[in-house]
Amino acid sequence: MTEDEHREGIKGMANPGRYGIERIAYLLMRLTGLGLLGYFIAHVYETSNILRGRMGWDDFLAMTQTTEGHIFLVLVIGMCVFHTGNGIRIMLGHGGVGVGQPARPDYPYEPASQNYRHKIGIYSSIVLAAVAMMYGMAVMFGE
Amino acid sequence: MKESTIMKIHYGTALASVGLVAVHILMRLTTGFADSLSYENVLANYRSVPYVIMLELILILLAVHGFNGLRVILLELKQGRVYEKAVSYGSIVGMIALIGYGSRTIIMTNMGMV
Amino acid sequence: MAQVSSIADEQASTPLSSPKSILLRISKFNPKLDESSKFMEFTVPYQKWTTVLEAILDVKKHFDHSVAVRYSCRQATCGSCGMMINGKPKLACFTKISELDSDVVTVEPMNNFPVIRDLTVGFEKLFAKHQKIQPYLIRDDSELESDEREFLQSPEEVEQYIQFANCIKCGLCNSACPTMATDSSFVGPQALAQAYRYVADSRDKGKDTRLNIIDESHGIWRCHFAGSCSQVCPKGVDPAMGIQFLRGYLLGFRS
Ligand code: HEM
Ligand code: HEM
Ligand code: SF4
Ligand code: FES
């Protein structure tokens, strides 16, 4: 079916190269959402080891007390902050906030919805995520 | 359920958990990372009723939000009556399973069954 | 006779002696006969003002008449000539070769539409989705009695929707949309923007009907505001804006 309809497919959906920062934010939102869901499920399983008492907990804790474990947790923090920041931007946008006002279109037809407000929202989410990751790194590796 | 109702829940759960998750993560980063994860500390956390309510809330809110997000992605990936039914029910099962499993940890630990 | 031959010269949009030329790669594919598409390559001269459509028509005229391409107005009005030009959906008649900044111009049929042949794609689904959102004024008294006035609108009221009424149904937005890339049931940016065009019209009373139609599992919620539709729209419709306003009603941000 997809073949007949000449759909771009997953490659086209995930290709962030052609349509600016908004499309990159779209992809990052998906990836961080899925990443967080994966982490969340693993996390709930991990914490259940407390039921096995001190031994069980410490066994599992050892996994995150390595350098790789720390890097992984830093990534989770970054994903969480970007997903949250961008999520708030998206919710506002979805409600029609900050997407510009309708007007008589004029050449060269710059789309008002792709405006600096939302671009700033995206860039701030990325910067915030980076800052949070650095803070997390400082805490985890600083000990 | 109407799609708009589902998506309002999606946004609502996200908004509600923003503050809760922030508290949860910042607790580790501000009280000394390794200490906050020590067995005694974690057990003490689980024994504190207000904190445990917060954990349970995060668990429910984000299981709903996360699995609905997964449903959205899967719905857009492929179409078909049977497939879409499977995705919808699958997400609900995933949600319930995760909430059940997490709640088991929370309740048993809180009641001192460790 | 001199007269006649100079007219013939003029008909070629670009003199073949033009100093600059590009390699035009045209995707050839007939789903009824071919297993897969292949590219035919032509060296085509161009001037500063030559459009991609003119280059394709030159190929048809001088090299290979079998190239299938749909066009009519040649001025971004009819919405027929949408195609992938160097990987992005654009109107061939509205894209100058000189602005592409490339020695190679690759034209392919638009993504997310079934290929009829070569560069032409089928629009049945786009039109069906467009119809589905009831693209006309809905109100009880839509038939005027002979002694009544027209429905009056202030200039401000016109501004609310005139941008969206610019849509020429070219389908570029549907071709750029990331959801459309995998979701064959999605209503799509074209139809959603038109739903808003009518909802925003002060003469229209069909808001609730339309909101109901688009509030389904492959309706408006499958838009994630990636904005690619607005970035490719050749008429300044800005479908992404209309869609978020429309969703604003459903989320209670507007009433
Ligand atoms: C707490 C702050 C969070 C906020 C504000 C938030 C917000 C959002 C929003 C607005 C969307 C819709 C995106 C769209 O329609 O394009 C979304 C999607 C999603 N979220 Fe979250 N979210 C949060 C946390 C999480 C967490 C912790 C998880 C993992 C368990 C998660 C998993 C997902 C998934 C899988 C999607 C679907 C991705 C997509 O459609 O692009 N979210 N989130
Ligand atoms: C740096 C990242 C994180 C660390 C180190 C961490 C650590 C912990 C620890 C030690 C517990 C046990 C209870 C306690 O002492 O608080 C816990 C429970 C929990 N965490 Fe996290 N967490 C992190 C991130 C997250 C995130 C991003 C989420 C949300 C998506 C989350 C959701 C939960 C939930 C729901 C529980 C309760 C699970 C249960 O008992 O079933 N955590 N976490
Ligand atoms: S909204 Fe723009 S890109 Fe989409 S069909 Fe209409 S004119 Fe073409
Ligand atoms: S030929 Fe009419 S839009 Fe290009």
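Residues numbered from 1 in each chain as written. Chains lettered and ligands numbered in written order. Predicted model: local features only at pLDDT ≥ 70, side-chain atom pairs only at ≥ 80, totals over all residues. Heavy atoms only, no water.

Of the protein atoms, only A:His83 (NE2) and B:His65 (NE2) coordinate the iron atom of ligand 1, at distances of 2.0 Å. Classification of the site at the iron atom of ligand 1 rests on its six donor atoms, whose angles at the metal span 88 to 179°, yielding the label octahedral. Remark: B:His65 occurs in helix H4 (residues 49-77) and A:His83 occurs in helix H5 (residues 67-94); the pair is interchain, linking two chains. A relative accessible area of 16% places A:His83 in the buried class. Residue classification places B:His65 among the buried positions, given a relative accessible area of 13%. (Donors = N, O, S within 2.8 Å, 3.2 Å for Na, K, Ca; no water. Tetrahedral: all angles 85-135°; square planar, octahedral: opposite > 155°, others 65-115°. Helix = DSSP H or I, 4+ residues; strand = E, 2+ residues; numbered from the N terminus. Buried < 20%, exposed > 50% of the residue type's maximum accessible area, 1.4 Å probe, protein only.)

Okay, the nonpolar core next. Within the largest apolar cluster, 40 residues are counted, with the highest numbers of intra-cluster contacts made by C:Phe186, C:Leu192, C:Tyr196, C:Ile214, C:Ile220, C:Trp221 and C:Leu246. Elements with a contribution of two residues or more to this core: helix H1 (3-30) of chain B together with helix H4 (155-162), helix H6 (188-199), helix H7 (207-214) and helix H9 (239-251) of chain C. No other element matches the eight residues that H9(C) contributes to this core. If we skip the residues at most four places from it in the chain, C:Tyr196 touches C:Gln160, C:Phe164, C:Gly242, C:Phe245, C:Leu246, C:Tyr249 and C:Arg254. (Core = buried A, V, L, I, M, F, W, Y, C linked by side-chain atoms within 4.5 Å. Contact = heavy atoms within 4.5 Å.)

Once that is clear, we can look at the domain arrangement of chain C. Residue and element names in this part refer to chain C. Partitioning chain C into structural domains gives domain 1 (9-121) and domain 2 (124-251). Each of domain 1 and domain 2 has a C-alpha centre, and these two points are 30 Å apart. At the interface, 15 residues of domain 1 touch 15 residues of domain 2. Both faces combined, the contact of domain 1 with domain 2 buries some 1,100 Å², and carbon together with sulfur accounts for 62% of it. (Domains from an automatic or database assignment. Buried area = accessible area lost by both parts, 1.4 Å probe.)

Moving on: the interface of chain C and chain A. Listed per partner, the contact involves 50 residues of chain C and 39 residues of chain A. Across the chain C to chain A interface the summed buried area is about 3,700 Å²; carbon plus sulfur atoms make up 56%. Considering only the side of chain C, the residues that lose the most area to chain A are C:His224, C:Phe225 and C:Gln231, jointly responsible for 16% of the buried surface there. Remark: the boundary between chain C and chain A carries two salt bridges. Across the salt bridge formed by A:Glu5 and C:Lys125, the nearest N and O atoms sit 2.7 Å from each other. In this structure, the connection of chain C to chain A is made through 19 residue pairs in polar contact (both at pLDDT 80 or more). Those elements giving two or more residues to the side of chain C that touches chain A turn out to be strand S4 (88-91), H4, helix H5 (172-176), helix H8 (228-232) and H9 of chain C. Per-element tally for the side of chain C that touches chain A: the top contributor is H9(C), with seven residues. Classifying every residue of the side of chain C that touches chain A by side-chain character gives 25 nonpolar, 17 polar and eight charged. (Salt bridge = Lys/Arg side-chain N within 4 Å of Asp/Glu carboxyl O. Polar contact = N/O pair within 3.5 Å; in protein donor to acceptor, adjacent residues only side chain to side chain. Nonpolar A, V, L, I, M, F, W, Y, C, P; charged D, E, K, R; others polar.)

All names here are of chain A. Topologically, asparagine 49 is positioned in the loop between helix H3 (20-47) and helix H4 (53-64). In this structure the side chain of asparagine 49 is engaged in a polar contact, spanning 2.4 Å, whose partner is the side chain of arginine 52. Among all residues touching asparagine 49, those that are not within four sequence positions of it are Gly56, Trp57 and Phe60.

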